Amino acid sequence: MQGWKKTALISASFLLIAAMVLVWLLVDLGTADGLASVVGACAGVAGLAYAMLGGQQNDPVVHAANTGTATARNQGQANTGITGPATRLDGQMQAEHTGDADADGGTANTGIQLT
């Protein structure tokens, strides 16, 4: 969880706790109990909806950056980026500032090559 999200979550939690204590002090406990039940049910439904609609997805990230040079000869392969089978590399892929790839009688890749 990112820093600002964690801070926002903790702050919101403290505000909700303070609001509930205030309600318990200002109204009778029967009304406060009913209100707490409704708030809890709403929070549960909201959490369930968030989870069922995808929620936070942490797709794997494949990243190649600032790579060096590669040279292939005699039908070899030169790769300074990302290469792999399309069915096995899921998620987000990013190749930036990759180095030079030269091929003399082979193949060269400086970006993303899915096979």
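Residues numbered from 1 in each chain as written. Predicted model: local features only at pLDDT ≥ 70, side-chain atom pairs only at ≥ 80, totals over all residues. Heavy atoms only, no water.

Student: What am I meant to see in the overall build of the chain here?
Tutor: A count of helices and strands for the chain gives two helices and eight strands. The N-to-C order of helical and strand elements in the chain reads α-α-β-β-β-β-β-β-β-β. Counting over 115 residues, the chain shows a buried share of 11%. When contacts within the chain are restricted to residue pairs at least 6 apart in sequence, long-range pairs at least 24 apart make up 62% of them. (Helix = DSSP H or I, 4+ residues; strand = E, 2+ residues; numbered from the N terminus. Buried < 20%, exposed > 50% of the residue type's maximum accessible area, 1.4 Å probe, protein only. Contact = heavy atoms within 4.5 Å.)

Student: I would appreciate a short explanation of the confidence of the model for the chain in the present structure.
Tutor: In low-pLDDT segments, the atomic positions of the prediction should not be examined closely. Per-residue confidence for the chain gives a mean pLDDT of 79; residues scoring 70 or more make up 90%. Here strand S8 (residues 112-114) stands out as the least confident element of the chain, with mean pLDDT 77; helix H2 (residues 29-52) is the most confident, with 83. (pLDDT = per-residue confidence, 0-100.)

Student: I keep staring at a nonpolar patch on the surface and nothing clicks. Help me out?
Tutor: The grouping of Ile10, Phe14, Ile17, Val21, Leu22, Trp24, Leu25, Leu26, Val27 and Leu29 at the surface amounts to a nonpolar patch, some 1100 Å² of accessible area in total. Per-element tally for the nonpolar patch: the top contributor is helix H1 (residues 3-26), with eight residues. (Patch = residues over 30% accessible without salt bridge, like charges linked within 9 Å, V, L, I, M, F, W, Y side chains within 5 Å. Areas by Shrake-Rupley, 256 points an atom, 1.4 Å probe, with all protein chains shown as cover. Salt bridge = Lys/Arg side-chain N within 4 Å of Asp/Glu carboxyl O.)

Student: Please clarify how the environment of threonine 71 should be interpreted in this entry.
Tutor: Of note, threonine 71 is situated in strand S2 (residues 70-73). Residues threonine 71 and aspartate 102, spaced 31 residues apart in sequence, show a C-alpha to C-alpha distance of 4.7 Å. Sequence-distant contacts of threonine 71, that is, excluding residues within four places in its chain, are made with Ala78 and Asp102.

Student: Quick question: what am I supposed to make of the packing of H1 against H2 here?
Tutor: Two numbers describe a pair of packed helices, the interaxial angle and the distance between the axes. For the pair H1 and H2, the least separation of the axes is 7 Å and the interaxial angle reads 150 degrees. Relative to H2, H1 is oriented roughly antiparallel. Here H1 runs over H2; the crossing is right-handed. Counted together, Met20, Val23 and Trp24 of H1 and Leu29, Ala32, Leu35 and Ala36 of H2 form the full contact between these two elements. Residues that form the contact of H1 with H2 fall into these classes: seven nonpolar, no polar and no charged. (Axes fitted to C-alpha atoms, helices over the stretch in contact; angles between N-to-C directions. Parallel < 35°, antiparallel > 145°, perpendicular 65-115°, else oblique. Left-handed = near helix turned anticlockwise from the far one by under 90°. Nonpolar A, V, L, I, M, F, W, Y, C, P; charged D, E, K, R; others polar.)

Student: Please clarify how H2 should be interpreted in this entry.
Tutor: Helical geometry note: an α-helix holds 3.6 residues per turn, so side chains three or four residues apart project in the same direction. Taking 1.5 Å per residue as the helical rise, H2 with its 24 residues ought to reach 34 Å, and the 34 Å between its terminal C-alpha atoms agrees with that figure. Among the residues of H2, the N-terminal cap falls to aspartate 28, whose side-chain oxygen and the backbone nitrogen of glycine 30 are separated by 3.1 Å. (Expected span 1.5 Å × (residues − 1). Polar contact = N/O pair within 3.5 Å; in protein donor to acceptor, adjacent residues only side chain to side chain.)

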